Amino acid sequence: MHDFGYRGARFGCEGVAVETLARRFGTPLYVYSRHTLEHHFTRLRAALAPLDPLICYALKANSNLAVLRTFAELGAGFDLVSEGELRRVRAAGGEAGRCVFAGVGKTEAEMRFALRQGIYCFNVESEPELERLARVAADLGTVAPVAVRVNPNVDAHTHAKITTGTYANKFGIPFEAVPAVYARAARSKHLRWRGLQMHIGSQLTTAAPFAAAVRKVAPLARALAERYGIEFLSIGGGIGIVYQPALASGSARWWRSAASRGVLTPARYAEALVPLLKPLGLRVLLEPGRFLVGNAGILVTRVEYVKRAGRKTFVIVDAAMNDLIRPAFYDAYHEIVPLRKASARRVRCDVVGPICESGDYFCQGRLLPEVRQGDYLALLSAGAYGAVMGSNYNSRPLAAEVLVAGRQAALVRVRQPLARVWAGERLASWQRGAAR
Ligand SMILES: Cc1ncc(COP(=O)(O)O)c(C=O)c1O
């Protein structure tokens, strides 16, 4: 579901015409809908109400402070993977006590910071990490709350680069090894077992792999609860979204039409998982990222040139792979629409950015409405793994971001000033002109 669509000939976000935002704030520009963010969160929470879960938003998907504040106000916890992410959560008003800390490479400094902040749990991904955490906690004279991230070796049937729950992946501790790890670490005075966690992959479009993983892990969770008193099972994130052409808009109609097309809706997800999780009697945690923010954001870009070369047409826009890397990195599909419905004529074209890489494209050989220099386009479903994966490649500044709520629009990240792109760089001391 999302709050983007045509009102007459103009493409809008909630009560705002997106072209007015593009003219006011410039492009490339990310635009987020607060209502879509809230709707997805509350829809998921309602579907899982029998479990009363703690929804820990995975902020790697979109860590803009205004997005984090939106979820914090709804009562979300957060799933994070670095000190920087924890600092962001705190800056946005989120509570450390509702945060879980994942990731295979936590440094000592990160552990120290998270312990001092009082996070809810560390999701530990290896035995050396557990040993390090015990040492850091001992140095601080405290006890670290921990869970193992179990790798259940279940195929999520998603893109190879976002599959995380098989033994070919670097994540978690193999299922068979987990009981011995709990037994060994239970002897430490500086570790306290709090839960068990898993995350098998991202953009899963059916409930079956989730159910298979929960079926496999639930008996282990039950045994760990009996033996070590763990209080939660986290089933991770991974709920997929619709990237392919927009479904009917309007909330109720959207979800009905999604369900009839086999989309993994919160209701379907809950139907598969609640009966497996409820009997455990454990607190349930979830770590959705993409599901909450993916359809809640678009990337707006301006057509700089239309170039015809032989039989090909290239629409060259001012956004590039440094702004949205998903098509180049994952061959991902994003729906592309003009902000004004002008021409009924359709042209087969590649929409490409200005970066000097052949992989810098947003679509190839797609039939799109004919556009001209100066027109604006929107790439839909760009709210997850979009702005957060931005880079300064080709010395391009990071894009601006806007949050819309009804008829209001606020700039929630200023476009990076160009001089900031190289602000941290220095000449070497032996080079002419270097500061002494
Ligand atoms: C541990 C963990 N939890 C949650 C997520 C969020 O996944 P998604 O955005 O697919 O919901 C990820 C994504 O990589 C992750 O690694």
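Above this text you will find the structure in question.
Residues numbered from 1 in each chain as written. Predicted model: local features only at pLDDT ≥ 70, side-chain atom pairs only at ≥ 80, totals over all residues. Heavy atoms only, no water.

Caption draft 1: Summary view of the overall build of the protein. For the protein, the helix and strand inventory stands at 13 helices and 21 strands. A compact globule built from 436 residues would reach a C-alpha radius of gyration of about 22 Å, and the protein, at 23 Å, matches this within 12%. For the C-alpha atoms alone, the extent of the protein along its principal axes is close to 70 × 70 × 40 Å. The proportion of buried residues among the 436 residues of the protein is 54%. A separation of at least 24 residues holds for 69% of the contacts in the protein among residues at least 6 apart in sequence. Looking at the protein as shown, the accessible area adds up to about 19,100 Å², and 51% of this sits on carbon and sulfur atoms. Across the protein, 58 positive and 35 negative side-chain charges occur, with their mean positions spaced 3 Å apart. (Helix = DSSP H or I, 4+ residues; strand = E, 2+ residues; numbered from the N terminus. Rg over C-alpha atoms; globule rule 2.2 N^0.38 Å. Buried < 20%, exposed > 50% of the residue type's maximum accessible area, 1.4 Å probe, protein only. Contact = heavy atoms within 4.5 Å. Areas by Shrake-Rupley, 256 points an atom, 1.4 Å probe, with all protein chains shown as cover. Lys, Arg positive; Asp, Glu negative; His and termini not counted. Charge placed at Lys NZ, Arg CZ, Asp CG, Glu CD.)

Caption draft 2: Summary view of the nonpolar core. Counting 112 residues, the largest nonpolar core has Tyr57, Phe71, Phe122, Leu196, Tyr269 and Val351 as the members making the most contacts within it. The element contributing the most residues to this core is helix H8 (residues 208-228), with 9 residues. Core analysis: the second largest hydrophobic core is formed by 20 residues, Cys13, Val16, Phe25 and Leu380 among them. (Core = buried A, V, L, I, M, F, W, Y, C linked by side-chain atoms within 4.5 Å.)

Caption draft 3: Fine view of the sheet that holds strand E3 (residues 16-17). Pairing in this open sheet of 3 strands is antiparallel, and the strands run E1-E2-E3 from one edge to the other. The sheet is open, and its two edges are formed by strand E1 (4-7) and E3, each paired on a single side. Bridge count for strand E2 (residues 10-13) against E3 is 2 bridges, and the pairing is antiparallel. Bridging from a neighbouring strand, cysteine 13 pairs with valine 16 of E3. (Pairing = 2+ DSSP bridges.)

Caption draft 4: Structural context of the packing of aromatic side chains. The tally for this structure, following the rule as stated, stands at 12 aromatic pairs. For the pair phenylalanine 4 and phenylalanine 11, a centre-to-centre distance of 6.5 Å together with 10° between the ring planes defines the contact as stacked. A residue is classified by how much of its surface remains accessible, and phenylalanine 4, at 4% relative accessible area, is buried. The exposure class of phenylalanine 11 is buried, given its relative accessible area of 3%. Pairing phenylalanine 41 with phenylalanine 71 gives two aromatic rings, centres 5.9 Å apart and planes at 35°, and the pair type is tilted. Here phenylalanine 41 is found in helix H2 (residues 34-47), whereas its partner phenylalanine 71 is found in helix H3 (residues 65-73), with 30 residues between them in sequence. The buried category is assigned to phenylalanine 71, whose relative accessible area is 0%. In this structure an aromatic cluster arises from ring pairing among Phe41, Tyr57, Phe71 and Phe78. For the cation-ring pair, arginine 87 lies above phenylalanine 113, with the distance from its terminal atom to the ring centre recorded as 4.1 Å. Stacked on the ring of tyrosine 120, the Lys or Arg arginine 283 has its end atom at 5.2 Å from the ring centre. (Phe/Tyr/Trp six-rings, centres within 6.5 Å; stacked < 30°, edge-to-face > 60°. Lys NZ or Arg CZ within 6 Å of the ring centre and 35° of its normal.)

Caption draft 5: How the structure looks around the pattern of salt bridges. Enumeration according to the criterion identifies 16 salt bridges in this entry. Residue glutamate 108 is joined to arginine 112 by a salt bridge in which the shortest nitrogen-to-oxygen separation is 3.5 Å. Pair noted here: glutamate 108 and arginine 112 are both in helix H5 (residues 108-117), with a separation of 4 residues, about one helical turn. Look at glutamate 108 and you get partly exposed, because its relative accessible area is 32%. Connected via shared salt-bridge partners are Glu19, Arg23 and Arg340. (Salt bridge = Lys/Arg side-chain N within 4 Å of Asp/Glu carboxyl O.)

Caption draft 6: Spotlight on the site of the ligand. In the vicinity of the ligand there are 15 residues, among which Ser202, Gly238, Glu287, Arg290 and Tyr385 approach most closely. Contacts to the ligand include serine 202, whose side-chain N or O atom sits 2.3 Å from an oxygen atom. Here a nitrogen atom of the ligand and a side-chain polar atom of glutamate 287 are 2.7 Å apart. For the ligand, the protein covers 92% of the area, taking 390 Å² as the surface of the free molecule. Classifying every residue of the shell around the ligand gives 3 nonpolar, 7 polar and 5 charged. (Near = heavy atom within 4 Å. Polar contact = N/O pair within 3.5 Å; in protein donor to acceptor, adjacent residues only side chain to side chain. Nonpolar A, V, L, I, M, F, W, Y, C, P; charged D, E, K, R; others polar.)

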